[in-house]
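The primary structure of each chain is shown beneath.
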Amino acid sequence: MADISAPAATPFRLSMLLYDRRYRSMTIQVFVFILVMAFAWWLVGNTIQNLRVMGKDFDFGFLGQRAGYDIPSPPIPYTSDDTHLRATIVGLLNTVIVSVLGCIAATVLGITVGVARLSNNWLFARLMTIYVEMFRNIPLLLWILIVYAIFTEVLPPPNAYRGEDPAASMILFDNVALTNRYTAIPSLGMTNNPGDLDLGYRILINWAVIAFAVVLIGGWFLRKAVLNHAQKVQDATGDRPVTWWKNLAIMTVPSLLLIWYFGLHLVPPELKGFNFAGGLNVQNGFVALWLALTLYTGAFIAEIVRAGILAVSKGQSEAAFALGLKPNWTMNLVILPQALRVIIPPLISQYLNLTKNSSLAIAVGYMDLRGTLGGTTLNQTGRELEAIVLMMLIYLALSLIISGAMNVYNNRVKLKER
Amino acid sequence: MKKSVLLGTVAATAAFIGGAAMAAEGDTLKAVKARGELICGVNTGLVGFAAPDASGNWAGFDVAVCKAVAAAVLGDPAKVKYVPTTGQTRFTALSSGEVDVLARNSTWTYSRDTDLKLDFIGVNYYDGQGFMVRKDLGVTSAKELDGATICIQTGTTTELNLADYFKANNMSYQPVNIDSNAEGEQQYMAGACDAYTTDASGLAATRAAFADPENHIILPEIISKEPLGPAVRHGDNNWGDIVRWTLNALIAAEEYGVTSANIEELATNSENPEVQRLLGASDELGAMMGLDKDWAKNAIKASGNYGEVFAKTIGEETPIGLARGLNAQWTQGGLLYAPPFR
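Residues numbered from 1 in each chain as written. Chains lettered and ligands numbered in written order. Predicted model: local features only at pLDDT ≥ 70, side-chain atom pairs only at ≥ 80, totals over all residues. Heavy atoms only, no water.

- In the annotation of an unreviewed UniProt entry, the entry for chain B reads Amino acid ABC transporter substrate-binding protein, and the organism field reads Paracoccus zhejiangensis.

- Within an unreviewed UniProt entry, the label attached to chain A reads Amino acid ABC transporter permease, and the organism entered is Paracoccus zhejiangensis.
- Chain A has a UniProt comment under Sequence similarities (unreviewed entry) that states "Belongs to the binding-protein-dependent transport system permease family. HisMQ subfamily." (UniProt positions renumbered as here; feature names shortened; annotations may be inferred.)

Here is the structure:
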């Protein structure tokens, strides 16, 4: 037998980088990496040079300057004397508020419609199909503008509520006034105000809010303890103690006591001068944006939910029915938990989309991050590059936070193989 | 790799803006001549100042500046491409090189001249910020606007003046941020705001376009100085000179009685040496800026002298009905004063 020896180590030649399979993939990667770096180098160098030609520098000092412009109904105290940084934070908070509220509403709507599309009721299912197809196939900006235009053109101005015989009247027992600028809703008043907790930077939180939060979170844990106790008793004796009245009491009694103690009551809005005062004026720009984002993203979520439910084998529901489970129990206990594994990953993308789409707020004058930092601040200071870079970083961070948090949730509900 | 992705994103943005700025450097005059067309940034539509008519031809007080510059540089007032810009996009459009000159009722301020690296080449309209309200609101003074909802174009000096004025007078207001004059008009007409504020000339122009102008009043308070003028990029001084002296030529022409009617006649037999120099009959003023000797003559012929332009576009004979006021010649008690052509 001929002794097949390993081929003698051929001396390394430069051409082997290209022709030898062992090295080729490395060569290509290194080459591409160098190209990418060179491109980045050229981009940065080009920018620096062009900025120098224009006589501009790259400086975030403008964030500390006086902003000088006002923002309608800011979530934290803000005046035109504050800095651009605070205006940016106000914008960021507005973005977060509309995104969070939009995600919640879109999820509720999406799940409802997604389930309804699979309904056996022919008319109902078709109506849902029409909704989904309409909202999925028309650009979001148009929806925002349409909702806003309806608010502006159809609703009466606050003036119409004035006088002995007003042209418009408030609804819900004189508590809510719909106008073409805002919806005036009652605010909460306290006869026994405990004062505010000062977090610094003129951010105040009322002690009553903290008290309610503590009571509700505490109640949540207490309820869990009650349920655990009931489970223990059931395991030991076979009899499950009645828990519903305990849970109800835990969740309501302390809250009612707090309401009585603080003297909580509604303060209805009242026409004073040009506008409603006393209550809370929810800007139409905000409502239009929130509604349009909800309806638009809700249509996408509905499709995701439908796909998720269809992905669960029919045998699962047949088995559940065979066991005698009611249809809604089957949905909640058998189908949806399995469908969630399919639903959650694309749902994360929809949350990201909604958050990024909220930057269309500028079309309806809602001052979100794009409206403050990327709009007025950018324009008044002329710092385009800095403002855009900062805005991109903030949106990037926001998206990564959402996707990170949702992935944690995804890991909890995904199929656990034991 | 995470980090380099981030850096790449930053760099990509930077390049996007930087790349556009490439056009900003260099010789604007050469670029305009090579292109055979002047690119002029104008308002998205403000009747009297800059608005396209039914057949799509731009006309107005600011548009006349574009036409005059095009006539001075290219010899033809029609060789202009109009780029509508909003209050938010105008300065970016100029500094990125998207437009050669910005003639868009923009206020000449310190920070725009220095920090934004623009060059305001003069003032073509001396203005001030005012308020417009419906007559039936019963308001006769801006001091009575406490608590009102006010429509304001975002990214403007008027936005800052508004905040300062209400703060100084210890009053409050709700801003409604809008992007363009057309949107402001729509919101104001729908009653989404009690008052609309912008430059008084803009208010008059907006009101003139209403179906019922008599039902709206412009309040007497003028809360700021708004010297409106064309702007060019900082750094190209020759181009700045061309636009500056084109505007001055229009103003001087009115002062010396040069009109679009008598310009040909005066060009040949004017007795006034300054008119001779202006119209290129003697001396070679145009050559000093790299233009023909007929540059000023062409500019004036484009839409007439300053007074003619004013009368045709925004003057008392037009629906807008603005009086000359501060915008009269210095010889008539106004502020218009063209430096000598010498």
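## Overview of the sheet that holds strand 9 (residues 280–283) of chain A
Hydrogen bonds along the backbone pair up the strands of a sheet, which may run parallel or antiparallel.
Residue and element names in this part refer to chain A.
Turning to step 1, where the next piece is worked out: Reading across from one edge, 1-2-9 is the order of the 3 strands in this open sheet, with antiparallel pairing throughout. Edge positions in the sheet fall to strand 1 (177–178) and strand 9, since each has one partner strand and no second.
Turning to step 2, where the next piece is worked out: Pairing geometry for strand 1 and strand 2 (residues 182–185), over 2 bridges, is antiparallel. Each residue of the ladder has a partner; that of Leu178, found in strand 2, is Thr183.
Turning to step 3, where the next piece is worked out: Running over the sheet, helix 8 (residues 284–311) touches strand 2 and strand 9 and is turned about 55° from strand 9. (Pairing = 2+ DSSP bridges. Helix = DSSP H or I, 4+ residues; strand = E, 2+ residues; numbered from the N terminus. Contact = heavy atoms within 4.5 Å. Axes fitted to C-alpha atoms, helices over the stretch in contact; angles between N-to-C directions.)

## Details of the sheet that holds strand 11 (residues 195–199) of chain B
Residue and element names in this part refer to chain B.
Turning to step 1, where the next piece is worked out: The mixed open sheet is built from 5 strands, whose spatial order is 10-9-11-8-12. The sheet is open, and its two edges are formed by strand 10 (173–178) and strand 12 (216–218), each paired on a single side. Each strand axis lies, on average, 30° off the axis of its neighbour in the sheet, ignoring direction.

## Topic: the interface of chain B and chain A
As a measure of interface size, the accessible area lost when the parts come together is often cited.
Turning to step 1, where the next piece is worked out: On the chain A side, the residues contacting the 52 residues of chain B number 49 residues.
Turning to step 2, where the next piece is worked out: Of the roughly 4,000 Å² buried at the junction of chain B and chain A (both faces included), carbon and sulfur atoms supply 54%.
Turning to step 3, where the next piece is worked out: Three residues, Gln88(B), Leu160(B) and Asn177(B), lead the burial of chain B against chain A; their summed loss comes to 12% of the area buried on that side.
Turning to step 4, where the next piece is worked out: In this assembly, chain B and chain A are joined by 4 salt bridges.
Turning to step 5, where the next piece is worked out: One salt bridge in this structure joins Asp115(B) and Arg383(A), with 3.6 Å as the shortest N-O distance.
Turning to step 6, where the next piece is worked out: Put simply, chain B and chain A have 18 residue pairs in polar contact (both at pLDDT 80 or more) between them. (Buried area = accessible area lost by both parts, 1.4 Å probe. Salt bridge = Lys/Arg side-chain N within 4 Å of Asp/Glu carboxyl O. Polar contact = N/O pair within 3.5 Å; in protein donor to acceptor, adjacent residues only side chain to side chain.)

## Observations concerning the UniProt feature "transmembrane region" (unreviewed entry) in chain A
All names here are of chain A.
Turning to step 1, where the next piece is worked out: In this numbering, the UniProt entry assigns the feature "transmembrane region" (unreviewed entry) to residues 23–44, 96–118, 130–151, 199–222, 248–267, 287–309 and 387–409.
Turning to step 2, where the next piece is worked out: Along residues 23–44 one finds 100% helix and 0% strand; the C-alpha atoms at either end are 32 Å apart.
Turning to step 3, where the next piece is worked out: Regarding residues 387–409, the helix share stands at 100% and the strand share at 0%, and the terminal C-alpha atoms are separated by 33 Å.

## Regarding the packing of aromatic side chains
Turning to step 1, where the next piece is worked out: Throughout the structure, instances matching the rule amount to 27 aromatic pairs over all chains.
Turning to step 2, where the next piece is worked out: Centre to centre, the rings of Phe131(B) and Tyr165(B) are 6.1 Å apart; their planes meet at 45°, and the pair counts as tilted. Residue Phe131(B) is found in strand 8 (residues 129–134), and its partner Tyr165(B) is found in helix 6 (residues 157–168); the two are separated by 34 residues along the sequence. Here Phe131(B) and Tyr165(B) have matching classes, each one buried.
Turning to step 3, where the next piece is worked out: Both rings, one in Tyr188(B) and one in Phe210(B), keep their centres 6.0 Å apart while their planes meet at 15°; by these two values the pair is stacked. Taken together, the residues Tyr188(B) in helix 7 (residues 181–189) and Phe210(B) in the loop between helix 8 (200–208) and strand 12 connect sequence positions 22 residues apart. Here Tyr188(B) matches Phe210(B) in class, with each residue buried.
Turning to step 4, where the next piece is worked out: Through pairs of rings, three or more aromatic residues link up here, namely Phe49(B), Phe61(B), Tyr125(B), Tyr306(B) and Phe310(B).
Turning to step 5, where the next piece is worked out: Directly above the aromatic system of Trp220(A) lies the positively charged group of Arg223(A), at a separation of 5.0 Å from the ring centroid. (Phe/Tyr/Trp six-rings, centres within 6.5 Å; stacked < 30°, edge-to-face > 60°. Buried < 20%, exposed > 50% of the residue type's maximum accessible area, 1.4 Å probe, protein only. Lys NZ or Arg CZ within 6 Å of the ring centre and 35° of its normal.)

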